[in-house]
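Coordinate analysis (summary)
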Amino acid sequence: MRIVTFASGSTGNCSLISDGGANILIDAGISMRRTVAALNELGLSPQDLCGVLITHEHSDHISGLSMLAKHHNISIFAPAALCEVLCAVKPELKNRLDSVPVNETFGMGDIEVRAFRTPHDSKYSVGYRFEGSSSIAFATDTGSLTDELVLGLEGAELALIEANHDIEMLKKGPYPYFLKRRILSDRGHLSNDDCAKLALYLAKSGTKDIILGHLSRENNTPQTALDAVNAAICGESVELHVAPMDKMLAISVGDSVECLI
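Residues numbered from 1 in each chain as written. Predicted model: local features only at pLDDT ≥ 70, side-chain atom pairs only at ≥ 80, totals over all residues. Heavy atoms only, no water.

Here we take up the sheet that holds strand β8 (residues 111–117). The seven strands are arranged β7-β8-β9-β10-β11-β12-β13 in an open sheet whose pairing can be described as mixed. A single partner strand is all that each edge strand has here, and the edge strands are β7 (105–108) and β13 (239–242). Each neighbouring strand pair of the sheet contributes to a mean axis angle of 20 degrees, computed without reference to strand direction. Pairing of β8 with strand β9 (residues 126–131) involves six bridges; the strand directions are antiparallel. Residue phenylalanine 116 lies in a different strand from β9, and its bridge partner there is glycine 127. The sheet contacts of helix α8 (residues 192–205) involve β11 (158–162) and β12 (209–213), and relative to β11 the element is tilted by about 165 degrees. (Pairing = 2+ DSSP bridges. Helix = DSSP H or I, 4+ residues; strand = E, 2+ residues; numbered from the N terminus. Axes fitted to C-alpha atoms, helices over the stretch in contact; angles between N-to-C directions. Contact = heavy atoms within 4.5 Å.)

See the structure below:
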């Protein structure tokens with residue numbers, strides 16, 4: 001089982017989960033051209049996708065979705081409440097959306113998928129868990145550590161979680177007060193400190209690989225995030241990785257093989 005992040009951050013988000021012959025895209029927050037090029041780098045095309053799963057309606061997660069749907073016959077999946085939001089934001093997708101349950105397993109090719117709620121200031125937000133030859137859990141844009149979020153992630157062999165900002169960098173940075181307040185809220189974005197707490201819990205629950213994702217360009221650095229999480233999980237048998245904002249990261253679960261493309 002493999003995860004490939006195409007982009008992760010406030011300027012765009014898109015990732016791929018593959019297992020056997022199943023390929024699932026998570027979000028489409030980068031251009032169609034860039035998404036297709038990334039798939040081609042992996043020897044795939046949009047026709048090889050089982051579909052696109054959407055986590056929430058913010059533009060950095062769906063900006064490329066309309067063009068991708070217009071030019072390729074790809075199914076788009078999201079929980080029913082999120083489908084309604086997407087219809088309002090992008091009416092052109094009305095007949096292209098398929099609803100999926102929340103907290104219930106559904107199949108996409110050879111992969112079993114389960115959506116779970118995440119705390120974010122969108123109208124509806126979810127993470128996803130994937131079970132196949134191994135297990136991957138995926139959740140970014142999470143303002144706080146809720147029971148449902150932790151339950152969705154725990155025990156997965158690999159987890160991609162948010163390490164959005166360093167609190168002091170954010171407080172001292174150039175963002176206006178209202179934006180700082182939004183990011184720091186329980187429905188904003190996860191700090192390095194809270195990410196570290198979550199990473200430690202996941203490590204103790206059996207997770208072997210953790211990817212830190214959705215880092216802020218202005219309020220964090222990869223090394224700052226790694227240092228914070230490494231300090232918390234010292235002594236645990238976990239491999240840490242950082243998802244780049246504008247390059248690809250590929251990890252085969254269980255092998256701890258990191259490949260920047």
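The subject of this paragraph is the packing of aromatic side chains. Evaluated as defined, the whole model comprises one aromatic pair. The interplanar angle of 40 degrees and the centroid separation of 6.4 Å between the aromatic rings of tyrosine 128 and phenylalanine 130 together place this pair among those described as tilted. On the basis of relative accessibility, which here comes to 0%, the residue phenylalanine 130 falls in the buried class. Directly above the aromatic system of tyrosine 124 lies the positively charged group of arginine 117, at a separation of 3.8 Å from the ring centroid. (Phe/Tyr/Trp six-rings, centres within 6.5 Å; stacked < 30°, edge-to-face > 60°. Buried < 20%, exposed > 50% of the residue type's maximum accessible area, 1.4 Å probe, protein only. Lys NZ or Arg CZ within 6 Å of the ring centre and 35° of its normal.)

Grouped together as the largest cluster of nonpolar side chains are 58 residues, with contacts concentrated most on Ile3, Phe6, Leu16, Leu53, Ile54, Val113 and Phe130. In contact with isoleucine 3, not counting residues within four places along its chain, are Leu16, Ile17, Ile136, Phe138, Leu158, Leu160, Ile211, Leu249, Ala250 and Ile251. The next biggest cluster of nonpolar side chains, apart from the first, holds 28 residues, and it includes Ala159, Leu190, Ala199 and Leu226. (Core = buried A, V, L, I, M, F, W, Y, C linked by side-chain atoms within 4.5 Å.)

Of note, alanine 81 is situated in helix α4 (residues 80–89). Of the residues examined, alanine 81 reaches a relative accessible area of 32% and is grouped as partly exposed. Alanine 81 sits 18 residues away from serine 99 along the chain, and the two C-alpha atoms are 8.4 Å apart.

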